[in-house]
Amino acid sequence: MTKFKPILFKRIHIAFLLAGWLVLATTGAQAQNAHGTNALADSAMTLQKSGKLSQALALYKRLSIIEPHNLDVRMAMARIMSWLGERDSAIDVYESVLRKDSTSYDAILGLGLTVSWNKNYERALQILTKLAGLYPRDTTASIAVARVALWANNNRLSLRYSNMVLSAYPNQTTALMLKALALKQELKYREAESAAERLVSADPDDKAAASLLEEVRGLYANDITAYYYNESFKSPNRDPNTIAKIQYNTHLNRSIEGFFGVESRHFYDSNDYAGTLGGTCTVSDYVSVNADLLVGPSTRTAQKFEASTKLTYKIYSPFSISAGYAYMEFPSLTVNVFLASLDYYFGSESWLSAKGYLGQSQTGNSESVALRANFQLTSSLALQFGGYSGADFYNQFSETYIQNIKASGIYGTVIYFFARHYGIRLDSGLSKWSTGSNTLENAVTLTYRW
């Protein structure tokens, strides 16, 4: 027994030493692994902050393999994926987080925004309105709904959520901006102006706010114009040709503008009335379609009927091209006019326009060109200058001039708005015809807009 006890105690002592060594070794390895993952996380965060997103994403992917249950790592991955345009992958990661934690605020918000960047606005709004319902006092969630609703052209929903934020925080600048933009899209320009004014007051240094305020101050949903045109001849024995017209123009919605009017015409001792109707449909940011109609059946010299249409396409900012067609029916003549134009926009609403016309009638064909430039000097004042050779077909009201088609002329225009709602336009032009006659055209247009 005396020999056995020392051996037993020795073995027990060795076993304890081995167990202690294993515990220390395991703890050391865990500490080393933790130190390693922390270093990777720190490196990923540093790369992310410095804008090296692809490199940061690579490190986060390594971390997600090492720590597959770390939701913070997955969230960081998803955010960077969405920033890099890998939106489908980001959506998959956000959804995997939500399967582990269905109430994660950051995951729901990130998923909703990423889905909206994929232009799936309906699903995005379902996700974000649910989040705003879970956190009714959270401004970030409500602003996210308002922003995505604006992208989806759901202006009423955008206004509802931006107003929810403003009811608690009246000077919240993002909510004010979204509210002003939604009101603008609803054609409520004066209310949009009021919201933009509050935005500028809240942040006077915000250039986007100042630009929006200037823009909405120049927008009006309706206007009515009174127009008078006089074409006089060099010969004192000829009475001038005249047109007196009144027209109402309105924005039916954000994409459609319409007008109708009535005019009294006096051409070569023929007096009559004509009605006009037309409008413009903005199909997209790049395409718009215009159509006009004139009917004056009792005339003996002017158009009895005119129908025209024009398609405009913005090929590449600041250029746009147009193609058009007009059918004009006179008492003893019909004319088909084909139009092609190229427009260049520069500065503040200034532009250059070059138009080419091909006219076909019973008297033959004729080609024409017309050039016009608009210089927007201020938000209230614009000057236009131009000229034509052959004929500016859309300005030819008389059958006599259509038959004597060769002509050249110059013209100028002054457009001025005062007191914001009232405007005046003065047009003057001089034409020389192949028959040897000269004509002087003058017109004045008065506008009231609201």
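Preceding this section is the structure that the text describes.
Residues numbered from 1 in each chain as written. Predicted model: local features only at pLDDT ≥ 70, side-chain atom pairs only at ≥ 80, totals over all residues. Heavy atoms only, no water.

### Examining the overall build of the protein chain
Here is step 1: Helices and strands together make up the secondary structure of the protein chain, namely 12 helices and 14 strands.
Here is step 2: Taking as baseline every contact in the protein chain between residues at least 6 positions apart, the subset at least 24 positions apart corresponds to 43%.
Here is step 3: Surface summary for the protein chain: the accessible area is close to 25,100 Å², and the carbon and sulfur share equals 58%. (Helix = DSSP H or I, 4+ residues; strand = E, 2+ residues; numbered from the N terminus. Contact = heavy atoms within 4.5 Å. Areas by Shrake-Rupley, 256 points an atom, 1.4 Å probe, with all protein chains shown as cover.)

### Structural notes on the packing of helix H10 (residues 189-202) against helix H11 (residues 207-217)
Here is step 1: The interhelical angle for the contact between H10 and H11, taken along N-to-C directions, is 155°, at an axis separation of 9 Å. Considered as vectors, H10 and H11 are oriented roughly antiparallel to each other. Both H10 and H11 take part in a crossing whose hand is left-handed. Only Ala209, Ala210, Leu213, Val216 and Arg217 of H11 make contact with H10, whose side of the interface consists of Tyr189, Arg190, Ala192, Glu193, Ala196, Glu197, Leu199 and Val200.
Here is step 2: A per-class count over the contact of H10 with H11 returns nine nonpolar, no polar and four charged. (Axes fitted to C-alpha atoms, helices over the stretch in contact; angles between N-to-C directions. Parallel < 35°, antiparallel > 145°, perpendicular 65-115°, else oblique. Left-handed = near helix turned anticlockwise from the far one by under 90°. Nonpolar A, V, L, I, M, F, W, Y, C, P; charged D, E, K, R; others polar.)

### Structural notes on a nonpolar patch on the surface
Here is step 1: There is a patch of nonpolar side chains on the surface, built from Tyr286, Tyr313, Ile315, Tyr316, Phe319, Ile321, Leu342, Tyr344, Leu352, Phe375, Leu377 and Phe385 and spanning about 1,200 Å² of accessible area.
Here is step 2: Broken down by element, the residue count for the nonpolar patch peaks at three residues, all from strand E6 (residues 305-316).
Here is step 3: Secondary-structure assignment places Phe385 in strand E11 (residues 381-389).
Here is step 4: Accessibility expressed as a relative area gives 47% for Phe385, which makes it partly exposed. (Patch = residues over 30% accessible without salt bridge, like charges linked within 9 Å, V, L, I, M, F, W, Y side chains within 5 Å. Salt bridge = Lys/Arg side-chain N within 4 Å of Asp/Glu carboxyl O. Buried < 20%, exposed > 50% of the residue type's maximum accessible area, 1.4 Å probe, protein only.)

### Quick look at helix H2 (residues 53-66)
Here is step 1: The terminal C-alpha atoms of H2, which comprises 14 residues, lie 20 Å apart, in line with the 20 Å expected from a rise of 1.5 Å per residue.
Here is step 2: Residues Leu53, Ala56, Leu57, Leu59, Tyr60, Leu63 and Ser64 constitute the buried set of H2. Mapping the buried residues of H2 onto a view down its axis gives an arc of 165°, with all of them on the same face. Counted as exposed and oriented over 90 degrees from the buried face of H2: Ser54 and Ile65. (Expected span 1.5 Å × (residues − 1). Arc of directions from axis to C-beta.)

### Notes on the pairing of strand E4 (residues 270-282)
In the case of a regular strand, side chains alternate between the two sheet surfaces.
Here is step 1: Taken together, the 12 bridges between strand E3 (residues 256-267) and E4 define a ladder with antiparallel strand orientation. In the strand pairing of E4, Gly258 is matched with Gly279.
Here is step 2: The antiparallel pairing of E3 with E4 creates a hairpin that spans two residues between the two strands, and Tyr268 there sits at a positive phi of about 50°.
Here is step 3: Pairing of E4 with strand E5 (residues 287-295), which is carried by eight bridges, proceeds in the antiparallel orientation. Looking across to E5, one finds that Gly275 is bridged to Val295.
Here is step 4: Hairpin remark: E4 followed by E5, antiparallel, with four residues in the connecting loop. (Pairing = 2+ DSSP bridges.)

### Section: helix H3 (residues 71-83)
Structurally, the α-helix is built with 3.6 residues per turn, so residues lying three or four positions apart point the same way.
Here is step 1: With 13 residues, H3 ought to run about 18 Å at 1.5 Å a step, and its terminal C-alpha atoms sit 19 Å apart, in line with that.
Here is step 2: Those residues of H3 that fall on the buried side of the exposure criterion are Val73, Met75, Ala76, Met77, Ala78, Ile80, Met81 and Ser82.
Here is step 3: The N-terminus of H3 is capped by Asn70, whose side-chain oxygen sits 3.0 Å from the backbone nitrogen of Asp72.
Here is step 4: Two residues or fewer past H3, Gly85 is found with a positive phi of approximately 90°. (Polar contact = N/O pair within 3.5 Å; in protein donor to acceptor, adjacent residues only side chain to side chain.)

### Quick notes on the environment of Pro240
Here is step 1: With respect to the helices and strands, the residue Pro240 is situated in the loop between strand E1 (222-233) and strand E2 (241-251).
Here is step 2: Since its relative accessible area comes to 31%, Pro240 is described here as partly exposed.
Here is step 3: Sequence-wise, Pro240 and Asn230 are 10 residues apart; in three dimensions their C-alpha atoms are separated by 6.4 Å.
Here is step 4: Setting aside anything within four residues of it in sequence, one finds Pro240 in contact with Asn230, Glu231, Ser232, Phe233 and His266.

### Quick notes on the packing of aromatic side chains
Here is step 1: Tallied over the entire structure, the rule returns 14 aromatic pairs.
Here is step 2: Each ring, one from Phe418 and one from Tyr422, has its centre 6.2 Å from the other, and the planes form 20°; the classification is stacked.
Here is step 3: On the basis of relative accessible area, Phe418 is assigned to the partly exposed category, the value being 37%.
Here is step 4: With relative accessibility at 40%, the residue Tyr422 sits in the partly exposed group.
Here is step 5: Clustering of aromatic rings is evident, with ring pairs tying together Tyr248, Phe260, Tyr416, Phe418, Tyr422, Tyr448 and Trp450. (Phe/Tyr/Trp six-rings, centres within 6.5 Å; stacked < 30°, edge-to-face > 60°.)

### Looking at unusual backbone geometry
Here is step 1: Residue Pro318 follows Ser317 across a cis peptide bond; omega there is 15°.
Here is step 2: Relative to the helices and strands, Pro318 resides in the loop between E6 and strand E7 (319-330).
Here is step 3: Although it is not a glycine, Lys119 adopts a positive phi angle of roughly 65°.
Here is step 4: Structurally, Lys119 can be placed in the loop between helix H5 (105-117) and helix H6 (121-134).
Here is step 5: Taking the relative accessible area as the measure of exposure, Lys119 reaches 63% and is therefore exposed.
Here is step 6: The backbone of Ala419 sits at a positive phi, close to 55°, despite the residue not being glycine.
Here is step 7: When you line up the elements, Ala419 lands in the loop between strand E12 (407-418) and strand E13 (422-433).

### Structural notes on the pattern of salt bridges
Here is step 1: Within the structure shown, the criterion is met by nine salt bridges.
Here is step 2: With a closest N to O distance of 2.7 Å, Glu215 and Lys184 form a salt bridge. In this pair, Glu215 is assigned in helix H11 and Lys184 in helix H9 (residues 173-185), connecting sequence segments 31 residues apart.
Here is step 3: Residue classification places Glu215 among the partly exposed positions, given a relative accessible area of 36%.
Here is step 4: A salt bridge links Arg420 to Glu193; the shortest N-O distance between them is 2.9 Å. In this pair, Arg420 is assigned in the loop between E12 and E13 and Glu193 in helix H10, connecting sequence segments 227 residues apart.
Here is step 5: Judged by relative accessible area, which is 7%, Glu193 ranks as buried.
Here is step 6: Ionic contacts of the salt-bridge type, sharing partners, join the residues Arg190, Glu193, Glu197, Arg217 and Arg420 into one network.

So yeah, pure geometry; function would need other evidence.
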